[in-house]
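Chain by chain, the residues:
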Amino acid sequence: MRHRLAPYLLVLPGGLWLLLFFVVPMVTMLSLSLQEGDVVNGYVLTGHWQTYVDAITNYRVQLVRSLIYGAITTVLLIVAAFPVAYFIAFYGRRRKATLLFLLLLPFFVSFVLRTISWRYILTDEGILLGPLKDAGLLADSFHILGTPVAVILGLVYNFLPFMVLPIYVALERIDPRVVEAARDLYASPLVAFRRVVFPLALPGVFAGVLMTFVPASSDYVNSAVLGSSSTTMIGQVIQSQYLVSSNYPTASALSFTLMAVLLIGVFAYARALGTEDVMKVAAR
Amino acid sequence: MSDTAAIELVGVHKDFLSHGDTVQAVKPTDLAVGQGEFFSLLGPSGCGKTTTMRMIAGFEEPSGGTVFLDGNDVTGVAPHKRDVNMVFQSYALFPHLTAYQNVAFGLERKKVAKDEIRRRVGEMLEIVSLTGMEKRSPREMSGGQQQRVALARALVNGPRALLLDEPLGALDLKLRQQMQIELKRIQREVGITFVYVTHDQGEALTMSDRIAVMEGGRIDQLGTPREIYEKPATRFVAGFIGTSNLLDGSVDSISGGVALLVFAPEEKVLVPVPPSVTDGTKLEISVRPEKIDLSRDAPAAADCSVLTGTVREVVYHGTSTNYTVRTSAGADLVVFDQNAYSAEDLAGPGDRVYLTWSPQHSYPIGVRP
Ligand SMILES: Nc1ncnc2c1ncn2[C@@H]1O[C@H](COP(=O)(O)OP(=O)(O)OP(=O)(O)O)[C@@H](O)[C@H]1O
Ligand SMILES: [Mg+2]
């Protein structure tokens, strides 16, 4: 009988960890979102659902904006990451490890610092816009910093490896002979890509979307550093409700709402794509 | 067969660069495969069979030389524009598609009508006995079933030539024999040229019109199964195809195109030789084990090769019994005795025996005519 316990024992450390740092804060947060009061007088659990209604009404714009930014970022990430992953997987040969390392190299620098350095790149008279304006290619009034474009650029940049790596892994697993078989069966390089390579890379894309859409939608650094008040994302709102206004119930309610929306979004996405098919390919 | 070869290689070779060294996987090779021919490439692992196929299919550009398909120079033409199909050594099925979709892939690319595709794929799956498995994904099939899907996927397109890289390697003996017959039938009926890679010499001998035996990136011998078996051009071919007995000696005399090699009083080997052979020429002679008669009594006939020796080993094989005999000439000879007549072994280990065979069953290896 003892050996039957072994699998559970293996789960124990991870399970305890999750219980302590995931379940406990979640319960605390849920409870917090249903409390009333203020920092000075303390909070009381009253089951006040109205906080949710108010929070959603007040910050609907930021919530929707975050999801839109997250979605655009994810799409751009797929477009940007696929060729990179493809190149490394099929043409990297003996330099694969080096190329992957180069891809990850900037990420040894702190997230915030990297984002701030993008400020310098995108600033009005900076190294990107300055020369273009001097050359008369852009109007003097043209600017990127503070616009959604800057925020999304920052998001794409910051999450790139999280899209490249899973796609790379999926492509790397494709037997080159299978692609050759497609070419042998009258598929041009393009058709072979569309009919064979891309479908086989889908599990990687799927994983990449999961790994980027959720954190990109709830990000609060890129908009804060590269955006303006017109690009405020829900993560920023939650942060300021917690740390600036000390309005814990609203912050918790927003966090929960965001989580729920993202979960629904991810499940809908999985359903639409047919996870089973995707996972079947992944499990081959 | 029409005049233009279905497949022709002229001076084709392939050099790979690996870790700074150049490896010549295929040495400059000339080869012509006739229309509708069943042509086998036979050779040990790493001798360049797959590389040769890949150059014909277009996956590998030759480092030099020209590839012709039906008389057209296709060197440098993309694989999807060559009317040949390949059955890959590793199957290379599309893992995300079902068996049906795998087989239909080529026809869909060629924009064949839906009904037509359904009909042809259905027929093909029946031929490879996979009816009812249409919806299975490759993951859900055994190695042999996958191999048959790979076969069907290539055959269904009815290409001018089919390149098969060890297509039956994963099948058990019975299914293998069944598929051999099936392949042969399809090949005859449809008249497709087959280039067939195998390292099973029995398979190559039974199925092929002609065989090229490769070794170290070079074709050692090219000929009909009978030529390859009866008249091996090199020591390698003799050893690789079937069991061969090799005898070394020098010619003592020649009369009427037959050389006499004397090993001891009353021990001699007779071998037909071309005029280039003269007294004193060193010869390497191949004798197939089933041609040799083994007996404990001295032979009566005088115009035969005769050697004496001691039986070292007797192995019963069902249809035949195999004897290994250490001859006084020094070599170990293997003798197959059909079990059609002998109810018991002709001799046992340690017995002195006489080995006899007729002159035409000796073949001098590597002698230029
Ligand atoms: N891409 C490559 N790079 C370097 N060397 C290669 C490459 N492909 C094949 N070779 C070498 O070329 C030689 C011939 O290989 P090939 O695959 O043609 O052998 P084969 O006769 O098909 O063997 P097997 O019976 O094992 O399939 C081998 O020595 C192999 O190591
Ligand atoms: Mg091979």
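These figures come from a predicted structure and were not determined experimentally. (Residues numbered from 1 in each chain as written. Chains lettered and ligands numbered in written order. Predicted model: local features only at pLDDT ≥ 70, side-chain atom pairs only at ≥ 80, totals over all residues. Heavy atoms only, no water.)

Visitor: Explain the sheet that holds strand β11 (residues 245-250) of chain B here, please?
Guide: The strands making up a sheet are joined through hydrogen bonds of the backbone, oriented either antiparallel or parallel. All names here are of chain B. Taken together, the 3 strands give an open sheet; going across it, the order is β11-β15-β21, and neighbouring strands pair in antiparallel fashion. Edge strands, defined here as strands with exactly one partner in the open sheet, are β11 and β21 (362-364). Averaged over all pairs of adjacent strands, the angle between their axes in this sheet comes to 30 degrees, without regard to strand direction. Here 6 bridges tie β11 to strand β15 (residues 282-287), and the two strands are oriented antiparallel to one another. Paired with Ser 250 across the strands is Lys 282, a residue of β15. (Pairing = 2+ DSSP bridges. Helix = DSSP H or I, 4+ residues; strand = E, 2+ residues; numbered from the N terminus. Axes fitted to C-alpha atoms, helices over the stretch in contact; angles between N-to-C directions.)

Visitor: Honestly, the interface of chain A and chain B in this entry has me stumped. Any pointers?
Guide: Quoted interface sizes are often the accessible area lost when the parts come together. With 22 residues of chain A at the contact, the number on the chain B side is 26 residues. Interface area, chain A with chain B, both sides summed: about 2200 Å², of which 64% is carbon and sulfur. Contact with chain B buries area across many residues of chain A, yet Asp184(A), Leu185(A) and Tyr186(A) alone supply 36% of it, more than any other trio. Counting across the interface, chain A meets chain B through 1 salt bridge. Where chain A meets chain B, there are 6 residue pairs in polar contact (both at pLDDT 80 or more). When residues of the side of chain A that touches chain B are traced back to their parent elements, those giving at least two are α7 (176-184), α8 (189-217) and α12 (275-282) of chain A. A total of 7 residues in the side of chain A that touches chain B trace back to one element, the largest contributor, which is α7(A). Here the residues of the side of chain A that touches chain B sort into 13 nonpolar, 1 polar and 8 charged. (Contact = heavy atoms within 4.5 Å. Buried area = accessible area lost by both parts, 1.4 Å probe. Salt bridge = Lys/Arg side-chain N within 4 Å of Asp/Glu carboxyl O. Polar contact = N/O pair within 3.5 Å; in protein donor to acceptor, adjacent residues only side chain to side chain. Nonpolar A, V, L, I, M, F, W, Y, C, P; charged D, E, K, R; others polar.)

Visitor: Sorry, what's going on with the pairing of strand β9 (residues 210-215) of chain B here?
Guide: Each regular strand displays side chains that alternate between the two surfaces of the sheet. Residue and element names in this part refer to chain B. One ladder, built from 4 bridges, connects strand β3 (residues 38-42) with β9; its direction is parallel. Counterpart to Ser 40 in the pairing with β9 is Ile 211. Where β9 and strand β10 (residues 218-223) come together, 5 bridges link them in antiparallel fashion. Note on β10: the bridge partner recorded for Ala 212 is Leu 222. Adjacent in sequence and paired antiparallel, β9 and β10 are bridged by 2 residues, among which Gly 216 carries a positive phi angle near 55 degrees.

Visitor: What am I meant to see in the packing of aromatic side chains here?
Guide: How two aromatic rings sit relative to each other is given by the distance of their centres and the angle of their planes. Residue and element names in this part refer to chain A. Taken as a whole, this structure holds 22 aromatic pairs over all chains when the rule is applied. Ring plane angle 50 degrees and centroid distance 6.3 Å describe the contact between Tyr 86 and Tyr 91, whose orientation is recorded as tilted. For Tyr 86, a relative accessible area of 25% translates into the label partly exposed. What makes Tyr 91 partly exposed here is its relative accessible area of 42%. With a centroid separation of 5.7 Å and an interplanar angle of 40 degrees, the aromatic rings of Tyr 242 and Tyr 248 are classed as tilted. On the basis of relative accessibility, which here comes to 23%, the residue Tyr 242 falls in the partly exposed class. (Phe/Tyr/Trp six-rings, centres within 6.5 Å; stacked < 30°, edge-to-face > 60°. Buried < 20%, exposed > 50% of the residue type's maximum accessible area, 1.4 Å probe, protein only.)

Visitor: What is the right way to look at the coordination of the magnesium ion (ligand 2) in this model?
Guide: Tetrahedral coordination by four donors places them ideally at 109.5 degrees to one another around the metal; octahedral coordination by six donors ideally gives 90 or 180 degrees. Donor atoms from the polypeptide that bind the magnesium ion (ligand 2) are Thr50(B) (OG1) and Gln89(B) (OE1), placed at 1.8 to 2.5 Å. Residue Thr50(B) is found in helix α1 (residues 49-57), and its partner Gln89(B) is found in the loop between β6 (84-87) and α2 (99-109); the two are separated by 39 residues along the sequence. (Donors = N, O, S within 2.8 Å, 3.2 Å for Na, K, Ca; no water.)

Visitor: Where do I start with the site of ligand 1 in this structure?
Guide: Residues and elements named next belong to chain B. Taken together, Phe 16, Ala 25, Ser 45, Gly 46, Cys 47, Gly 48, Lys 49, Thr 50, Thr 51, Gln 89, Glu 166 and His 199 make up all the residues around ligand 1. Here an oxygen atom of ligand 1 sits 3.2 Å away from a polar atom, N or O, in the main chain of Cys 47. One of the side-chain nitrogen or oxygen atoms of Thr 50 is found 2.5 Å away from an oxygen atom of ligand 1. Broken down by element, the residue count for the shell around ligand 1 peaks at 3 residues, all from α1. Among the residues forming the shell around ligand 1, the class breakdown is 3 nonpolar, 7 polar and 2 charged. (Near = heavy atom within 4 Å.)

Visitor: Looking at this model, I keep getting lost on the UniProt feature "domain: ABC transporter" (unreviewed entry) in chain B. Mind explaining?
Guide: When the UniProt feature table is mapped onto this chain numbering, "domain: ABC transporter" (unreviewed entry) sits at residues 7-241 of chain B. Helix makes up 36% of residues 7-241 of chain B and strand makes up 28%, while its end C-alpha atoms are separated by 25 Å. (UniProt positions renumbered as here; feature names shortened; annotations may be inferred.)

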